[in-house]
Amino acid sequence: MGPGPSRTPRELRAELDLARREGIAYEREESHAGLACAASPILRGDGTAVAAISITAPVGMVEMRLVGPAVHAATLGLNRQLASAPHWAKL
């Protein structure tokens, strides 16, 4: 665990709800000191997350709120491509 913010259960639920709505999750020094991350899920057709794409960088080097939408756009493209792959639904 990194030195990032501790959250109450209510704050964590609110953050998870926002990540679901936006399709992007952010973290800052929660998993490792000095690192920040933005991630977006790769989904099956039924909406189940089966993988993710993320970017991680040293805090202050990249503004995650600016690159997060690009990470999300990449997963949206993959989701469209994978939706037509018959074996993908079986994962």
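Everything below is about the structure shown above.
Residues numbered from 1 in each chain as written. Predicted model: local features only at pLDDT ≥ 70, side-chain atom pairs only at ≥ 80, totals over all residues. Heavy atoms only, no water.

Some details on the nonpolar core
(1) Moving on: One finds Ile 24, Tyr 26, Ala 36, Ala 38, Ala 57 and Met 64 forming the largest nonpolar core, which totals 6 residues.
(2) Moving on: Beyond its immediate chain neighbours, meaning those up to four positions away, Ala 38 contacts Ile 24, Ala 25, Tyr 26, Ile 53, Ser 54, Ile 55, Met 64, Gly 68 and Val 71. (Core = buried A, V, L, I, M, F, W, Y, C linked by side-chain atoms within 4.5 Å. Buried < 20%, exposed > 50% of the residue type's maximum accessible area, 1.4 Å probe, protein only. Contact = heavy atoms within 4.5 Å.)

Quick look at the pairing of strand β2 (residues 35-43)
(1) Moving on: Across 4 bridges, the pairing between strand β1 (residues 25-28) and β2 is antiparallel. Paired with Tyr 26 across the strands is Ala 38, a residue of β2.
(2) Moving on: The loop that links β1 with its antiparallel partner β2 comprises 6 residues; one of these, Glu 29, has a positive phi angle of about 55 degrees.
(3) Moving on: When β2 meets strand β3 (residues 49-58), the two strands line up antiparallel, connected through 9 bridges. (Pairing = 2+ DSSP bridges. Helix = DSSP H or I, 4+ residues; strand = E, 2+ residues; numbered from the N terminus.)

Notes on the sheet that holds β1
(1) Moving on: Ordered by their spatial adjacency, 3 strands build an open sheet running β1-β2-β3, and the pairing between neighbours is antiparallel. Edge positions in the sheet fall to β1 and β3, since each of these pairs with one other strand and no more. Adjacent strand axes in the sheet meet at a mean angle of 20 degrees, parallel and antiparallel pairs treated alike.
(2) Moving on: Each of β1, β2 and β3 touches helix α2 (residues 64-83); the most contacted strand, β2, lies at about 20 degrees to it. (Axes fitted to C-alpha atoms, helices over the stretch in contact; angles between N-to-C directions.)

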